[in-house]
Amino acid sequence: MRVFLRRCWGTLPVGGCAGRRQIPQWPALAGLSGSPGGEDGWGARVREKPPWRVLFFGTDQFARETLRALHAARENKEEELIEKLEVVTVPSPSPKGLPVKQFAVQSQLPVYEWPDVGSGEYDVGVVASFGRLLSEALILKFPYGILNVHPSCLPRWRGPAPIIHTVLHGDTITGVTIMQIRPKRFDVGPILKQEMIPVPPKTTSKELEAVLSRLGADMLISVLKNLPESLNSGRQQPAEGVTHAPKISAATSCVKWEEQTSEQIFRLYRAIGNIIPLQTLWMNNTIKLLDLVEVNSLLLTDSKLTEQAVIPGSVIYHKKSQILLVCCKDGWIGVRSVMLKKTLTATDFYNGYLHHWYQKNSPVQPSQCRFQTLKLPPKKRQKKKIIAVQ
C-alpha cells in the first residue's frame, strides 16, 4: 500500500503545518491528514513499509561496511528490505577510487560523484563517513529524511574523526549512533538507535574502526526494518557531554617530548599511526617514527638510563633489545624503526647517527643530538590536512 506523506517543519498540528522552524519533524505515516504538496508546495508518494529505495553517501572503509550490509539486504529476496540501492561518493585522486566506490563498482551499483546525486526517487538516504554537509534542499528530497551511521556515543565526538579522538583521548567506552541528518551542522540530529561497547585496551583506531563498522551496519539494518516506528521514537541529543572530533592534520603527528607523557605518545601512535607517522626533528632534519613499542620495566633499570642525566628527547640505543629509547615527559618510549631519507632500523640509526665516532666528528652542537619537537609552519599545516572519517 502507498500513502501520501506531508513533511512539515516544527510541531505538526492537526490539519497542516504551522510554519517552519529549525528542527524538522518526521511524523507517523498512519492517519496523517492533508493533501500532497501542502502549503509548502512539496509532496511525494512514499511507502509505508519496506522494501525501501535507498541512496547511500559514503567514502572510506567504515562506510564500505555499511554499504556491504545494505547490498546484502538488497540481494536477500526473502526479506525484501531494500528494493533499490544507489551510491554517492566523492572524487578520489587514486585511480582505484575510494573503498565505497570500489565496492559499488564491483557490485554493479549505480555510482555518482558528489555533488552529483542522481535524479531518481528514493524513500530514505543513508550517510556513513561522508564528510560533506548536506543541504536542506537535498534532505527534503527524501520522504523519510537521511540517516547517519556515526561511530561514537553522541553527543560525544561530533565531527569527522570520532574514532581517532576516542583512541587519542583514552576513552574506555564507545559505540555507534544511528541518527537523523539535520542541515547546516554535523551530528546534531535526533538519535534513533544507540549502542555502547567497551574500548579494547591498547586498540588502534584501525582495529576499533573494524569493530564499530560491523556494529553500525547491523544497527542500521535493524532501524530500516522498522523505519517509521524508529523515526517516531527518536530522541533529541542531550545538551550535556558535547565534545568535538575535528580533522587530523600533520601538526597533530608532531611529538612534543617536553609536554607529552609516554601514555599520551602511545595513544597518539595508536590513533593516527596508520594514517600519518609520528614526526620529530633530528639535527634539523624531519624524522618519522614508524614502529613504537612499550618499554619493559626491567629495561629501565639499565645503567645507561640511571647513571646519566637525560632530558626529554634524549635518544639512547639499547643494544640487547635493538631499540631506540627516547625520553619523554614522564619516562621512555621504544622505537624499532624510523624514516630519515630512507627506512632505518634502530640498529641502522645507531650505527649511522648515534655511534660515538659520528657524534665525535659531527659539526652540530651536542644539544641538537636528540629528538626535538617539530614545528610546522602554518601554510604547511593547512595543506596537509587529512580527512579521517569515519
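Our structure is the block above this text.
The following paragraphs examine the structure supplied in this document.

Reading the values: the criteria
- As a convention, each chain's residues are numbered from 1 in the sequence order in which they are written.
- At least 70 in pLDDT is required for a residue's local features to be given in this predicted model, at least 80 for side-chain atom pairs to be given and counted, and no such filter applies to totals for whole chains, interfaces and linings, which use all residues.
- The basis for every side-chain value is the complete set of heavy atoms in the structure, and neither hydrogens nor water enter the calculation.
- Note on pairing: two strands pair once DSSP finds at least 2 bridges between them.
- The way it works is that DSSP assigns letters per residue, a run of H or I at least four long becomes a helix, a run of E at least two long becomes a strand, and they are numbered from the N terminus.
- Between the N-to-C directions of two axes lies an angle of 0 to 180 degrees, each axis being a line fitted to C-alpha atoms and, for a helix, fitted only over the stretch in contact.
- Whether two residues touch is decided by their heavy atoms; if any such pair falls within 4.5 Å, the residues are in contact.
- A 1.4 Å probe rolled over the protein chains alone gives each residue an accessible area, and that area as a share of the maximum for its type sets the label: buried under 20%, exposed over 50%, partly exposed in between.
- Throughout, the arc means that of the directions going from the helix axis to the C-beta atoms.
- For this count, His and the chain ends are skipped, Lys and Arg are scored as positive, and Asp and Glu as negative.
- Throughout this description, the term salt bridge denotes a Lys or Arg side-chain nitrogen within 4 Å of a carboxyl oxygen of Asp or Glu.
- Any N or O atom pair separated by 3.5 Å or less is treated as a polar contact, with the protein-specific requirement of one donor-capable and one acceptor-capable atom, and with residues adjacent in sequence counted only for side-chain atom pairs.
- Aromatic rings from Phe, Tyr and Trp, with only the six-membered ring used for Trp, were paired whenever their centres fell within 6.5 Å, and each pair was classed as stacked if the ring planes differed by under 30 degrees, edge-to-face if by over 60, and tilted otherwise.
- Only Lys NZ and Arg CZ are tested; either one counts as a charge over a ring when it is within 6 Å of the ring centre and within 35 degrees of the ring normal.

Another aspect to go through is the pairing of strand β13 (residues 285-293). Taken together, the 5 bridges between strand β12 (residues 278-282) and β13 define a ladder with antiparallel strand orientation. Bridge assignment links Leu-281 to a residue of β13, and that residue is Thr-286. Where β13 and strand β16 (residues 332-340) come together, 5 bridges link them in antiparallel fashion. Bridging across to β16, Asp-291 finds its partner in Ser-337.

On the basis of which strands lie adjacent, the open sheet formed by 7 strands has the order β7-β6-β5-β8-β9-β10-β11 and mixed pairing. Each having just a single partner strand, β7 (111-113) and β11 (191-198) make up the two edges of the open sheet. Across the sheet, the mean angle separating the axes of adjacent strands is 20° when strand polarity is ignored. Pairing of strand β8 (residues 124-128) with strand β9 (residues 146-150), which is carried by 3 bridges, proceeds in the parallel orientation. Within the sheet, the bridge partner assigned to Val-126 lies in β9 and is Leu-147. Each of β5 (52-58), β6 (82-89), β8, β9, β10 (173-180) and β11 touches helix α5 (residues 205-225); the most contacted strand, β10, lies at about 35° to it.

Another aspect to go through is helix α2 (residues 99-106). Residues Val-100, Phe-103 and Ala-104 constitute the buried set of α2. Along α2, the residues classed as buried sweep out an arc of 100° about the axis, all on the same side. Looking at α2, the residues exposed on the side facing more than 90 degrees away from the buried face are Val-105 and Gln-106. Buried residues along α2 sit against β5, α1 (61-75), β6 and β7. Gln-108, located one to two residues past α2, shows a positive phi value of around 60°.

This brings us to the side chain of Asp-187. In this fold, Asp-187 is placed in the loop between β10 and β11. Arg-158 is the oppositely charged side chain nearest to the buried, salt-bridge-free Asp-187, at an N-O distance of 6.6 Å. A polar contact of 2.7 Å, which involves the side chain of Asp-187, links it to the backbone nitrogen of Gly-159. What Asp-187 contacts, discounting residues up to four positions off in sequence, is Asn-148, His-150, Leu-154, Arg-158, Gly-159, Met-179 and Gln-237.

With that settled, consider unusual backbone geometry. The omega angle of the peptide bond from Pro-50 to Pro-51 is 10°, so this bond is cis rather than trans. Looking at the element boundaries, Pro-51 is found in the loop between β4 (44-47) and β5. With an omega of 15°, the peptide bond between Leu-154 and Pro-155 qualifies as cis. Position of Pro-155 relative to the elements: it lies in the loop between β9 and α4 (162-168). One non-glycine residue, Lys-184, lies in the positive phi region at around 80°.

Here we come to the packing of aromatic side chains. Here the structure, examined in full by the defined rule, presents 11 aromatic pairs. Plain terms: the ring middles of Trp-52 and Tyr-144 are 5.1 Å apart, the flat faces sit at 65° to each other, and that makes the pair edge-to-face. Residue Trp-52 is located in strand β5, and its partner Tyr-144 is located in the loop between α3 (136-139) and β9; the two are separated by 92 residues in the primary sequence. Through pairs of rings, three or more aromatic residues link up here, namely Phe-57, Trp-114, Tyr-122, Phe-130 and Phe-142. For the cation-ring pair, Lys-84 lies above Tyr-122, with the distance from its terminal atom to the ring centre recorded as 4.6 Å.

Before going further, it helps to examine the environment of Asn-274. Counting through the fold element by element, Asn-274 comes out in the loop between α7 (262-272) and β12. As for Asn-274 and Leu-290, which are separated by 16 residues in sequence, their C-alpha atoms are 9.6 Å apart. When near neighbours in sequence (up to four residues on either side) are disregarded, Asn-274 contacts Ser-205 and Lys-206. Polar side-chain contacts of Asn-274 include one of 3.3 Å to the side chain of Ser-205.

With respect to the element layout, Gly-189 can be found in the loop between β10 and β11. Leave out the neighbours within four places in its chain, and Gly-189 touches Met-179, Gln-180, Arg-182 and Gln-237.

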